[in-house]
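Chains, contacts and geometry: an overview
Chain by chain, the residues run as shown.
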Amino acid sequence: AQSVTQLDSQVPVFEEAPVELRCNYSSSVSVYLFWYVQYPNQGLQLLLKYLSGSTLVKGINGFEAEFNKSQTSFHLRKPSVHISDTAEYFCAVSDFGSSNTGKLIFGQGTTLQVKP
Amino acid sequence: GAGVSQSPSNKVTEKGKDVELRCDPISGHTALYWYRQSLGQGLEFLIYFQGNSAPDKSGLPSDRFSAERTGGSVSTLTIQRTQQEDSAVYLCASSRQTDTQYFGPGTRLTVL
């Protein structure tokens, strides 16, 4: 069965510092990978996705992620964070390769706390 | 364009009552998903609809949960005889195929 592990439940960082949110997945089939952001009392907003092609994907708000198949990782990075980036971030893998439904399996989430 | 909408945004009910949650997907999206977000369990898949195919109900936690999708568009998630452990945020998502899912704002269900 597929699973997703987000290695840090909370990441505190100062404004304008770089940040990396870590995500590892387990799957024996081809996967699609996603990062979503959730602001307080809101739904999930897509940050970026990897479906195929270039392993470095760029998303909204200056975020990027790199798909590393050998390490089964999909870490999210931003070179300089803003206060407005404070939110919860979810890594997800789609089971499209195994069951053809595309349902998402989510990690437990990482709370990014940007401090002034 | 319009995104996924869900109603109500908040629902408070008493234990044992039935509730219905509604999802309006993005127009033209053939796939529709329901997820549940709770403190203890995180984000969990509940059910998936694709066109006229039989739904994938593998994530429904008990037979008190059911969902339907009428006319390939609007979906309703029904929880019968609600229990306190059903308290959660219920999220709906839709996609054009089975790749990128777009989420609604969710319905926060509180069972007293």
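So, a few notes on the structure that sits alongside this text. The numbering scheme is per chain: residues are counted from 1 as the chain's sequence reads. Working convention: letters from A go to chains and numbers from 1 go to ligands, in the order in which they are written. Local features are withheld for residues below a pLDDT of 70 in this predicted model, meaning they are given only at 70 or higher, and side-chain atom pairs are given and counted only at 80 or more; totals for whole chains, interfaces and linings count all residues. Only hydrogens and water are removed before side-chain values are computed, so all heavy atoms of the structure are retained for them.

Remarks on the pairing of strand E8 (residues 88-95) of chain B
Residues and elements named next belong to chain B. Using a 1.4 Å probe on the protein chains alone, a residue whose accessible area is under 20% of its type maximum counts as buried, one over 50% counts as exposed, and one in between counts as partly exposed. Strands are runs of DSSP state E lasting at least 2 residues, helices are runs of H or I lasting at least 4, and numbering of each runs from the N terminus. With respect to burial, E8 is a largely interior element, eight of its eight residues being buried. Of the two faces of E8, the one carrying Ala 88, Tyr 90, Cys 92 and Ser 94 and the one carrying Val 89, Leu 91, Ala 93 and Ser 95 are both buried. Note on pairing: two strands pair once DSSP finds at least 2 bridges between them. Here three bridges tie E8 to strand E10 (residues 107-111), and the two strands are oriented antiparallel to one another. Looking at E10, one finds that Val 89 is bridged to Arg 108. By the bridge criterion, two bridges tie E8 to strand E9 (residues 102-103) in an arrangement that is antiparallel. Bridge pairing links Ser 94 to Tyr 102 in E9.

As for the interface of chain A and chain B
Contacts between the two partners involve 21 residues from chain A and, on the opposite side, 19 residues from chain B. When two parts are brought into contact, each loses some accessible area as probed by a 1.4 Å sphere; the total of that loss over both is the buried area. Roughly 1500 Å² is buried in total at the junction of chain A and chain B, and carbon and sulfur atoms are behind 54% of that figure. The largest per-residue losses of area from chain A upon contact with chain B belong to Leu 44, Thr 101 and Lys 103 of chain A, which jointly make up 31% of the total buried on that side. Here, a salt bridge means any side-chain nitrogen of Lys or Arg that lies within 4 Å of a carboxyl oxygen of Asp or Glu. For the pair chain A and chain B, the interface holds zero salt bridges. Identification of polar contacts relies on pairs of N or O atoms within 3.5 Å, with a donor-acceptor requirement for protein atoms, meaning one able to donate a hydrogen and the other able to accept it, and with residues adjacent in sequence counted only if both atoms are side-chain atoms. The interface formed by chain A and chain B holds six residue pairs in polar contact (both at pLDDT 80 or more) in total. If you list the elements that add at least two residues to the side of chain A that touches chain B, you get strand E5 (32-38), strand E6 (44-50), strand E10 (87-94) and strand E11 (104-106) of chain A. Here the element with the most residues in the side of chain A that touches chain B is E5 of chain A; it accounts for four residues. It only takes one pair of heavy atoms within 4.5 Å for two residues to be counted as in contact.

Let's talk about the sheet that holds strand E1 (residues 5-7) of chain B
Residue and element names in this part refer to chain B. Pairing within the open sheet is antiparallel, and its four strands lie in the order E1-E3-E7-E6. Whereas interior strands pair on both sides, the edge strands pair on one side only; in this sheet they are E1 and strand E6 (65-69). Across the sheet, the mean angle separating the axes of adjacent strands is 15° when strand polarity is ignored. In this sheet, strand E7 (residues 75-79) lies alongside strand E3 (residues 19-24) in antiparallel orientation, the contact comprising five bridges. Bridging from a neighbouring strand, Leu 21 pairs with Leu 77 of E7. The axes are straight lines fitted to the C-alpha atoms, using for helices just the contacting stretch, and the angles between their N-to-C directions are given from 0 to 180°.

Notes on the packing of aromatic side chains
Only centres within 6.5 Å qualify two rings of Phe, Tyr or Trp (six-membered ring in Trp) as a pair; their planes then separate them into stacked at under 30 degrees, edge-to-face at over 60, and tilted for everything else. Tallying each qualifying case throughout the model produces 13 aromatic pairs over all chains. Look at Tyr 33 of chain B and Tyr 48 of chain B: their rings are 4.9 Å apart centre to centre, the planes differ by 35°, and that puts the pair in the tilted class. With Tyr 33 of chain B in strand E4 (residues 31-38) and Tyr 48 of chain B in strand E5 (residues 42-50), this residue pair connects regions lying 15 residues apart in the sequence. Relative accessible area serves as the criterion here: at 0%, Tyr 33 of chain B is assigned to the buried category. Members of the aromatic cluster, each reached through a chain of ring pairs, are Phe 34, Tyr 36, Phe 90 and Phe 106 of chain A together with Tyr 33, Tyr 35, Phe 45, Tyr 48 and Phe 103 of chain B.

A short note on the state of the cysteines
Working definition of a disulfide: a covalent bond connecting the sulfur atoms of two cysteines. Criterion for a disulfide: a pair of cysteine sulfur atoms within 2.5 Å. Following the criterion strictly, the structure yields two disulfides over all chains and no others. Note that Cys 23 of chain A is cross-linked by a disulfide to Cys 91 of chain A, the S-S spacing being 1.9 Å. Negative torsions about the S-S bond denote left-handed disulfides, and the value of about -65° found for Cys 23 of chain A with Cys 91 of chain A makes this one left-handed. Here Cys 91 of chain A lies in strand E10 and Cys 23 of chain A lies in strand E4 (residues 23-26), a separation of 68 residues in the sequence. Judged by relative accessible area, which is 0%, Cys 23 of chain A ranks as buried. Covalent S-S linkage joins Cys 23 of chain B and Cys 92 of chain B, the inter-sulfur distance amounting to 1.8 Å. Looking down the S-S bond of the Cys 23 of chain B and Cys 92 of chain B bridge, the torsion is -65°, so its handedness is left-handed. Of this pair, Cys 23 of chain B sits in strand E3 while Cys 92 of chain B is found in strand E8, placing the two residues 69 residues apart along the sequence. The class for Cys 23 of chain B is buried, based on a relative accessible area of 0%. With a relative accessible area of 0%, Cys 92 of chain B lands in the buried category.

So, to be careful, I would describe these as geometric facts and stop short of saying anything about function.
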